Amino acid sequence: MTKKLIYSDINPQLDTDLEYYQEHDNALTILPYYEMITAFRNRLVAQAPNGAVELNNLISIAQLLQELYVKVGTKQLIKEQQLKYLVYELLKNNDYKYFDHKSIDYIIQFMNQVDARLVDLSEQEVSAPTAELIAIYQAIKEELAEQGLVTKWQSYQELLNNIEQEDFAYLYPEIEELFLYRLQIIKAVELELILKLADFVSDTTIVLDYDPEKQKLFHNLKDVVERLEAEDFDVEARLEEEKTLIQDLFNDQFKVDKYNWQQEMGTKLQVSSKADVVEELKATARKIVSLAKEGQSLDRIGIAFSSPDRYLQHLARVFNSYNLPYQQQIPHPLAESSLLQDIKVVLRLLQGDFTAEDLLVLLKSDWLELTPAAAADYHLEQILKEIRFPVEGWNLVDLILEQQELEAELQTALEQLQEYCCWRPKEEVSSEEFTARLKDLLTDLGLAQVLAEAPADITAAWQALQSQIASLQDLELGIKEVTEWVELVQLAIKEGTYTPDSNGGVEVTGKIELRSGDYDYIFLLGMSEELYPTIRQNPIDKYLEEVNIKVDNREVRDRYLLNDHLLSANKGIFMLYSKTGNQEEALSSACIEELSRVVELEEIPETDEIYSQQELQQVVGLDLQERKLNQVALDYDWGQGLEIKAKLTQGQVRDDLAGYNGNLQAKDNLNWLQNKYNDKYNYSASFLEKYLECPFQFLLDKVFELEEIEYEEEMNPLERGSLLHRILDQFYTKFAANKVTEENYQQAYETLVQVTKEVLNEYNLFEHSFYWATEGSRYLDNDQLGIVLEEFLENELNGTYNQYYSKSIPASELEVKETEWEFKNLNLVDDYLFAGKIDRIDYHSGRDVMGVIDYKTGQLQYKKLSSAPVQIPLYMMAVKQEFAHEVGMGGYFGLHPKEDRDSRYKILLGNQLRKSYSGKLEEAEDKIREAVQGIKSGKFGPGENSNCEFCNYWALCQKEDN
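Residues numbered from 1 in each chain as written. Predicted model: local features only at pLDDT ≥ 70, side-chain atom pairs only at ≥ 80, totals over all residues. Heavy atoms only, no water.

Chemist: Where do I start with the nonpolar core in this structure?
Modeler: Proteins that are soluble and globular tend to have nonpolar side chains buried together. Ranked by internal contacts, the top residues of the largest apolar core, which has 93 residues, are F110 and I400. F110 has contacts with L133, I134, Y137, I540, Y543, L544 and V547, leaving out every residue within four places of it along the chain. Listed in part, the 90 residues of the second largest apolar core include Y21, L65, L159 and L595. (Core = buried A, V, L, I, M, F, W, Y, C linked by side-chain atoms within 4.5 Å. Buried < 20%, exposed > 50% of the residue type's maximum accessible area, 1.4 Å probe, protein only. Contact = heavy atoms within 4.5 Å.)

Below is the structure:
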């Protein structure tokens, strides 16, 4: 019987596994991950003369131990989600002091570490929190035993105690040798099982990535190597002797004459810093497209992130904009699926605890078919605005159904919801009955028909939820109230994940899983100082230390993985990083800094080539130099024709595409404009102000629809404006008083806090993005209003309307009559039609006058009022026409944290009895005529007073001062 340990610091560059597999027919080859089997097979195929291979006796360590447990075990393995259900139930039914339902993941981590490390918890002297944690651990083990269940690591313990040679021989009768290749994370119970299995065969060979002189890379395997040596394994070191570069990597070396990586290793190594994670993704996409144009196969490109959550939320929109196919191996959270968001609303209906917003979500759902009429949700919105007192749940539905002249489609939809979803929350049912009723409910809501034609990510999310729910039935949870079953399904959605099917492409995976593949190029994103290597301690570590568990060093693990990726990429590796937290500039990972001590690092080169539609939008097209639209624009909507345009001009450099200025003169262009902006066209204030600010920018943004959508990590102004508008609209919808006074200030405060919570909870980025979290604190800070909304409410109480030529009006005297009021097809100036949405309409009973308010999330001094005074006058005209009432006040309300308290209200028009009022309306009417006539006649020269500093089209514009 021979036992051999082979360790090497260059295993990624060797084919030791292939050689051993091909030379030993009676050996069982054991790999660290199931995913590595695919890469193993691909490498065998590459060597096979006819491209065909047959895989025998090849298995992952987890598969091997699971198969052996099935043979000798006495219990059923519990799934991860089922274990979470059990822990949730335990925490819910017991009054623990230090741990609650938010601690589920930590408790399971503690359990697994204790079992995997073979730790004896008896007679441990520990702190009170750790003692409670141990008690929870023991209670879970008892519950598992009662149900005949066992966790993975507990099954390994049972296997260690019961496995015999005849059990192994029964499953693997022809196996005489074991070959374990590059196991990187080996827990104590796994190591003991490996040693026991080694006694069942004649030869055992273990290959590890290891070098005793490089503890910064391999320290986590030190104890394993020492244990194998103690068990009389013969040790053979196959360390790199020829390439001094490999010897010097991460070995505390400082080289004066640094290595050239490509000359030494024959592969590329390039690094780049970017402004944020979105720019990292864009640079990655551009580089991949350039590689693809050179003939590189996309499925041999791997991408990993130091912190996936920061990148996955932006991945789809960036990669899709470059038409890059990718297969994402990192699971999505179930809760982020649009289908599951709708189902979460259905679950709230079953509990009877839902809001008006929930009803609107269901009516607008893409996945649940309540009514064929698209206008039903609009009608519901109008009804809800008329309800001026708080009401929720089924009482709200009853109140709506009592409305006179209720549209038939809306009535049908609400009655369907009552029929299908009005369950008795306290009714006690079994898991089988609950899941059957839930399935029937979703069928009644048309989900089955929709899923038949749904995209792959939606069907994958649905299948994952079905699997999660099925897990409930496998547990003996007894009879529960409906609301308790709903809570368990909500937990499944919160904790569950799904992986959509893909048609190949770039492989997006985890940094550990990346080690399993065989890639030509590897991209590592998030290689910044704070994110890589992992230096933050896991909160559970302090409890593990008390029970003498030494956790693996995460910093060593990450440095080892980087070293592995550096050596395993066949053609090259690219590393990118950006600013994190409060950093003023991007700081690279300590690993990159260590690498730069011995290697001359190259920058990822930039290129002027065009690779996406968004990039094309920045440069327009060559034919614009001819001062006319191209045929694509005449035949198609410009946005739709852009993809054709991208293909035609791909590869052109930006400098070749600049140069158009002035007016459209060709007859076909003018006819096209007349047809587009005909007598039925509705003009908006923002549309006209855009033209008045700069007609040339208006041409590119609004006529050609080339306005670039920037995918910034930070919240953009449109997102900020939409968010605050929703908060304030819902606030005055729920706040029945309609004005803030000393007497109701506290009620107003609490209502605004609740509304803000509800709106912010709908945006996952407030949890996952540092920048969005910072923005969110300006609105809500630890259950208190943030500075922006606190100032808003304070001004509602103590602010004033500073009118021209009249005394100030206290804001507390004004009653809010309407919020988010929309108008359309109003003939306000000449024969032109206008549309818009007014944020708020106020009324002053003492003066019997109305006023309009528009919320602005930017600082007011930056608003170009002097060049485009259209919005407020137009809104005042619309209100006067529709409400048949005098309108004498209008202005902006600033919602920017830097806005001075005294200038939050900017009133542009004063008392209606003054001459200034009619003069300003006449001025606005003249501006509106100027804009409409200029658009229809093709006048699109640069604006005289426009601010060009931040214009996207400065490279195209020939304005003299630009």
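Chemist: Looking at this structure, I do not really get helix α19 (residues 393-401). What am I missing?
Modeler: The set of residues buried in α19 consists of G393, W394, L396, V397 and I400. Buried residues along α19 cover an arc of 150° about the axis, so they all sit on one side. (Helix = DSSP H or I, 4+ residues; strand = E, 2+ residues; numbered from the N terminus. Arc of directions from axis to C-beta.)

Chemist: Just to check I follow, could you spell out the sheet that holds strand β2 (residues 27-31) for this structure?
Modeler: The strands that make up a sheet pair up through hydrogen bonds in the backbone, lying either parallel or antiparallel. Taken in spatial order, the six strands make up an open sheet running β3-β2-β6-β7-β1-β8, and their pairing is parallel. Taken across any chain shown, the strands that pair with only one partner, and hence form the sheet edges, are β3 (58-60) and β8 (234-237). The mean angle between the axes of side-by-side strands here comes to 20°, regardless of whether they run parallel or antiparallel. Strand direction decides the pairing type here: strand β1 (residues 2-8) and β8, joined by four bridges, are parallel. Of the residues in β8, the one forming a bridge with I6 is E236. On top of the sheet, helix α2 (residues 35-47) reaches β2 and β3; it is set at about 150° to β3, its chief contact. Strands in contact with helix α11 (residues 222-230) are β1, β7 (203-209) and β8; relative to β7, the strand with the most contacts, it is inclined by about 155°. (Pairing = 2+ DSSP bridges. Axes fitted to C-alpha atoms, helices over the stretch in contact; angles between N-to-C directions.)

Chemist: Looking at this model, I keep getting lost on the pattern of salt bridges. Mind explaining?
Modeler: Note that side chains of opposite charge can pair when their charged atoms are close. The final tally for this structure, using the stated rule, is 45 salt bridges. For the salt bridge of E484 with K92, the shortest nitrogen-to-oxygen distance reads 3.7 Å. Remark: K92 occurs in helix α4 (residues 80-93) and E484 occurs in helix α24 (residues 482-495); sequence separation between them is 392 residues. We note a salt bridge from R554 to D541, for which the minimum N-O separation is 2.8 Å. With R554 in helix α26 (residues 554-568) and D541 in helix α25 (residues 541-546), this residue pair connects regions lying 13 residues apart in the sequence. Judged by its relative accessible area of 22%, R554 is partly exposed. Three or more residues joined by partner-sharing salt bridges are found here, namely K216, D252, E555, R559 and E594. (Salt bridge = Lys/Arg side-chain N within 4 Å of Asp/Glu carboxyl O.)

Chemist: Could you clarify how one ought to interpret the sheet that holds strand β17 (residues 521-525) in this entry?
Modeler: Strand order across the open sheet formed by seven strands is β11-β16-β10-β17-β18-β9-β19, with parallel pairing between neighbours. Edge positions in the sheet fall to β11 (326-328) and β19 (602-603), since each has one partner strand and no second. In terms of strand pairing, strand β10 (residues 301-305) meets strand β16 (residues 506-508) through two bridges, oriented parallel. The partner of G302 across the bridge, within β16, is E507.

Chemist: What exactly am I supposed to notice about the packing of aromatic side chains here?
Modeler: The way to describe two aromatic rings as a pair is by their centre distance and the angle between their planes. Applying the stated criterion across every chain yields a total of 37 aromatic pairs. With a centroid separation of 5.0 Å and 5° between ring planes, the pair formed by F305 and Y311 is classed as stacked. According to the relative accessible area criterion, Y311 is buried, its value standing at 0%. A connected cluster of aromatic rings, assembled from ring pairs, spans Y677, Y681, Y683, F687, Y691, F698, Y832, F834 and F940. If you follow R437 out to its NZ or CZ, it ends over the ring of W423, 4.2 Å from the centre. (Phe/Tyr/Trp six-rings, centres within 6.5 Å; stacked < 30°, edge-to-face > 60°. Lys NZ or Arg CZ within 6 Å of the ring centre and 35° of its normal.)

Chemist: Even after reading the chapter, I still don't get the packing of α19 against helix α20 (residues 408-421), so can you show me in this structure?
Modeler: If you want to describe how two helices pack, look at the angle between their axes and the distance between the axes. Between α19 and α20, whose axes approach to 10 Å, the crossing angle comes to 150°. As for the relative orientation of α19 and α20, their crossing is left-handed in sense. From α19, W394, V397, D398, I400 and L401 reach across to α20, where they touch Q411, L414, E415, L417, Q418 and C421. The residue makeup of the contact of α19 with α20, split by class, is seven nonpolar, two polar and two charged. (Left-handed = near helix turned anticlockwise from the far one by under 90°. Nonpolar A, V, L, I, M, F, W, Y, C, P; charged D, E, K, R; others polar.)

Chemist: I'm lost on the environment of E174 in this one. Help?
Modeler: Take E174: it is sitting in the loop between α8 (165-171) and β6 (177-181). C-alpha separation for the pair E174 and D25, spaced 149 residues apart in sequence, amounts to 9.3 Å.

Chemist: Explanation requested: unusual backbone geometry in the structure shown.
Modeler: A negative phi angle is the norm for most residues apart from glycine, just as the trans form is the norm for most peptide bonds. A cis amide bond links Y532 with the next residue in sequence, P533, at an omega value of 0°. The topology assignment puts P533 in the loop between β17 and α25. Despite not being glycine, N825 shows a phi value in the positive range, around 60°. A positive phi angle is found at D848, which is not glycine, with a value near 50°.

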